[in-house]
Amino acid sequence: MHPHRKQRLIWVSLIVVLSSAAIGLVAFALRDNINLFYPPSDVVAGKAPVDRNIRLGGMVVEGSIERSDTSLTTEFWVTDYEASVAVRYTGILPDLFDEGQGVVAEGRLDEAGVLIASQVLAKHDENYMPPEVAAALEGKSKPSLGPVSP
Amino acid sequence: MWSFIHKLGSPPWFFRFGGNLVRWLLPVTLILLLVGAFWGLLVAPPDFRQGNSYRIIYIHVPAAVVALAGYYVMALAGAISLIWRIKMADIAMKAAAPVGAVLTGIALVTGAIWGKPTWGTWWVWDARITSMLILFFLYLGVVALFEAYENKAAAAKACAVLSLVGTVNIPIIYKSVDWWYSLHQPASIKFTGESAIDASMMYPLLLMIVAFYGLFAVTVVMNMRAELIWHHRQSSWVRQWAGFE
């Protein structure tokens, strides 16, 4: 290879490697801010701030949904299979909100440790299948739906 | 092999080669798009939880996949331009940027349209969506930077450096859903192990991904040919092709 081209090749490699390293370090330092939500175990352990809005993400505990008869208020528990946090939300829930499904709730923790949510989003998982297949799988095995640790 | 690569750098040769390539790749791509769209939108079964709304996947995922791969094509052209100073690499880089921007835009817009009924929101600042928005700005940045310079060689150099620095974003987009907690789900198609999407839904998706790769290649080559004619509008081979001589 021509020495000039070789030198330019080294420069190009340096640009890519150094910028990747710099941005990689920034992303690593900001990892807590890049995470969209706190898992319930972090909230229970006190790692989430209590004086401002946070997002809580996990699975809706089976059988935990309680709907009010007189208002749009819904209460449910969110779990990461290590710890659970109660959520209270007044408003219209997304179509995919259901027991055993992923959810991200934004709001503030009250004194009792209940998340008073201002927004509830359904988290869809990566599983796509036809209804017949889902019916056949019903009760046989449960796909792992928990949030993955980073 | 080497003589073929050398010939790619020759404007009249590439112009003819690109014309022949588009002549057969364009109809093949259109057929693949039609078959894939028909298969995905009408033949594939509905999803057990989302019903029919999941079908936007047949546009969203191919556009996003090719937007990521296309960035590497653009950055590779930038590297070739910086190291070997080949004009054709500048033209390839300039041709790929707007196509990548459009594909990224399609992925963002279809994602928002799907997100509203599925998640309950058009937009959320999670790692996947934010890094994809950065990719959109990187593509637009390359488009704008090319136009910002009077001197085309300086423009190409600046764009090459910008595209090379931006490559760090591609693995971040790809792995964002695994590295951080995000609202966006992880990948359904897996290179190793069983995919999380049923085969009856995955085959049309794979077909659409291939079709979008074809669409990217066709549009980039057509862009390059248009750019070549403009660059060499004074030269005899273009005047001959246009019938002026």
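Note that the coordinates shown come from a computational prediction; the quantities given were computed from them, not determined experimentally.

Calculation rules
Residues numbered from 1 in each chain as written. Chains lettered and ligands numbered in written order. Predicted model: local features only at pLDDT ≥ 70, side-chain atom pairs only at ≥ 80, totals over all residues. Heavy atoms only, no water. Contact = heavy atoms within 4.5 Å. Buried area = accessible area lost by both parts, 1.4 Å probe. Polar contact = N/O pair within 3.5 Å; in protein donor to acceptor, adjacent residues only side chain to side chain. Helix = DSSP H or I, 4+ residues; strand = E, 2+ residues; numbered from the N terminus. Core = buried A, V, L, I, M, F, W, Y, C linked by side-chain atoms within 4.5 Å. Buried < 20%, exposed > 50% of the residue type's maximum accessible area, 1.4 Å probe, protein only. Phe/Tyr/Trp six-rings, centres within 6.5 Å; stacked < 30°, edge-to-face > 60°. Lys NZ or Arg CZ within 6 Å of the ring centre and 35° of its normal.

A. Region of interest: the interface of chain B and chain A. Taken residue by residue, the interface counts 47 residues in chain B and 42 residues in chain A. Buried area between chain B and chain A, both sides added, is near 3,900 Å², and the carbon and sulfur share of it is 65%. Contact with chain A buries surface across chain B, with R49(B), I83(B) and Y181(B) losing the most and accounting together for 23% of the total. Put simply, chain B and chain A have 15 residue pairs in polar contact (both at pLDDT 80 or more) between them. Those elements giving two or more residues to the side of chain B that touches chain A turn out to be α3 (57-84), α4 (87-118), α6 (152-166), α7 (169-179) and α8 (199-231) of chain B. The leading source of residues in the side of chain B that touches chain A is α3(B), at five residues.

B. Seen up close, the nonpolar core. Of all hydrophobic cores here, the largest spans 71 residues; its most connected members are M132(B) and L135(B). Of all elements in the fold, only α2 (11-43), α3, α4, α5 (127-148), α6, α7, α8 and α9 (236-242) of chain B reach the threshold of two or more residues within this core. Here this core takes 14 residues from α3(B), the largest share from any one element. Not counting residues within four places of it along the chain, the set of residues in contact with M132(B) comprises A64(B), A67(B), L68(B), T104(B), A107(B), L108(B) and I173(B). One finds A48(A), I65(A), L93(A) and A117(A) within the second-largest nonpolar core, a separate group that totals 19 residues.

C. Quick look at the packing of aromatic side chains. Here the structure, examined in full by the defined rule, presents 15 aromatic pairs over all chains. When the ring of F76(A) is compared with that of F97(A), the centres are 4.8 Å apart and the planes differ by 65 degrees; the resulting orientation is edge-to-face. Placement of the pair is F76(A) in strand β3 (residues 73-79) and F97(A) in the loop between β4 (84-90) and β5 (102-109), with a sequence separation of 21 residues. Assigned by exposure class, F76(A) and F97(A) land together as buried. When the ring of Y54(B) is compared with that of Y58(B), the centres are 6.0 Å apart and the planes differ by 65 degrees; the resulting orientation is edge-to-face. For the pair Y54(B) and Y58(B), a shared accessibility class is recorded, and that class is buried. The residue whose ring lies beneath R225(B) is F15(B), and the NZ or CZ to ring-centre distance is 4.1 Å. Taking NZ or CZ as reference, R233(B) lies 3.9 Å from the ring centre of W230(B), over its face.

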